[in-house]
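Overview (structure and organization)
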Amino acid sequence: MQAPQHSAPLYPVFLSLSGMHCLLVGCGQVGQRKLAGLLACAPASVLVLDLAAPSGAAEELLRAPCVRFERRACSEDDLAGRTLVFAATGSPIENSRIAALCAARGVLCNCASNPTEGCVQVPAVARREPLAAALSTGGASPALARRWRGELERWLEPRSRMGVLMKRLRPLVLALGEDTGQNTGLFRKLAASSLQNWLEENDFDRCRSWLRAELPPALHAHIAELLHDLP
């Protein structure tokens, strides 16, 4: 992998860390934010390296079962088997060295001091389960990204009920074994319906009536569970 060039647009992707092994070099304030973000996504393991002893909030994060902390510098051997690396030390020179090692070995790397030296830039992420929205300013303004993340969270909140409903309904529809075109038509009708608005207004009677009118009869018995205990 050559050193990344960011003249072209970045390719957005949501990455599952399940079963993956990560490396974080640096456990200061920036590193702690990176580690908290990693732990929220349940990686198989995170090796954390730092020359300084951990303190304060770092100690709590390092107690996570999947985390191993070692007080030393990063070597090239530490990259073996790692899917994602964060170079988050307080030294731009050291971060650049780590990013270059990752580029040479084809390992995904986020470089905290100079994002263009890594091939991964971490966006601001707003979550309202099961929804997630990611926003990147391309490194232009992390402060603005944080502000807009708050706006995205407020935008997602009333939509999370619809997201949960569709998450519950989709596998039930697919299990009926209908052809793809019929399923696509039903999903598009659901997305274009007023269900989202009715859910926001707690108008479950209209939701039940609409679902009974539009869903295949085989799914009518599931309507109550679809609407039960929505966020």
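Refer to the structure presented above.
Residues numbered from 1 in each chain as written. Predicted model: local features only at pLDDT ≥ 70, side-chain atom pairs only at ≥ 80, totals over all residues. Heavy atoms only, no water.

**Some words on the packing of aromatic side chains**
- Applying the stated criterion across every chain, the model contains 0 aromatic pairs.
- Above the plane of the ring of F187 lies R170, whose end atom (NZ or CZ) is 4.7 Å from the centre. (Phe/Tyr/Trp six-rings, centres within 6.5 Å; stacked < 30°, edge-to-face > 60°. Lys NZ or Arg CZ within 6 Å of the ring centre and 35° of its normal.)

**Some thoughts on the layout of surface pockets**
- Here the largest pocket is characterised by a volume of approximately 1,900 Å³.
- Lining the largest pocket we find 44 residues, and of these Q121, V122, P123, A124 and V125 sit closest to its centre.
- At the level of secondary structure, the elements contributing two or more residues to the lining of the largest pocket comprise helix 1 (29-39), strand 4 (84-87), strand 5 (108-111), strand 6 (124-128), strand 7 (131-135) and helix 4 (142-156).
- Per element, the largest residue contribution to the lining of the largest pocket is 6 residues, and it comes from helix 1. (1 Å grid on protein atoms, 1.4 Å probe; cavity = no way out; pocket = protein on both sides within 12 Å on 5 of 7 lines; lining within 4 Å. Points joined across faces, edges and corners; volume = space filled by probe spheres on them. Helix = DSSP H or I, 4+ residues; strand = E, 2+ residues; numbered from the N terminus.)

**Considering the pairing of strand 5**
- Here 4 bridges tie strand 4 to strand 5, and the two strands are oriented parallel to one another. Counted as the bridge partner of L84 is L108 from strand 5.
- This β-α-β element, strand 4 to helix 3 (residues 92-105) to strand 5, shows right-handed connectivity. (Pairing = 2+ DSSP bridges. Right-handed = clockwise from strand over helix to strand, strands pointing away.)

**Things to note about the nonpolar core**
- Of all hydrophobic cores here, the largest spans 20 residues; its most connected members are L190, L195, L211, L215 and L227.
- Elements represented by at least two residues in this core include exactly helix 5 (160-175), helix 6 (180-192), helix 7 (195-200), helix 8 (204-214) and helix 9 (223-227).
- Those residues in contact with L215 that sit more than four places away from it in its chain are L169, L186, H220, I223 and L226. (Core = buried A, V, L, I, M, F, W, Y, C linked by side-chain atoms within 4.5 Å. Buried < 20%, exposed > 50% of the residue type's maximum accessible area, 1.4 Å probe, protein only. Contact = heavy atoms within 4.5 Å.)

**So, the pairing of strand 2 (residues 45-49)**
- By the criterion of burial, strand 2 is predominantly enclosed, with 5 of the 5 residues buried.
- Residues of strand 2 alternate between two faces, with S45, L47 and L49 on one and V46 and V48 on the opposite face, all of them buried.
- In terms of strand pairing, strand 1 (residues 21-25) meets strand 2 through 5 bridges, oriented parallel. Residue pairing for strand 2: C22 is matched across the bridge by V46.
- Between strand 1 and its parallel partner strand 2, the chain crosses via helix 1, and the hand of that crossover is right-handed.
- Note that strand 2 and strand 3 (residues 67-70) share 4 bridges and pair parallel. Opposite L47, over in strand 3, you have R68 as the bridge partner.
- Viewed along the sheet, the connection from strand 2 through helix 2 (residues 57-62) into strand 3 turns out right-handed.

**Side note on the sheet that holds strand 4**
- Spatial ordering of the open sheet is given by 3-2-1-4-5, a layout of 5 strands whose pairing is parallel. The strands lining the two open edges of the sheet, one partner per strand, are strand 3 and strand 5. In this sheet, neighbouring strand axes are inclined to one another by 15 degrees on average, regardless of whether the strands run parallel or antiparallel.
- In the packing of helix 1 onto the sheet, the strands contacted are strand 1, strand 2, strand 3, strand 4 and strand 5, and the crossing angle to strand 1 comes to about 165 degrees.
- Helix 3 rests against strand 1, strand 4 and strand 5 of the sheet, and its axis sits at about 165 degrees to strand 5. (Axes fitted to C-alpha atoms, helices over the stretch in contact; angles between N-to-C directions.)

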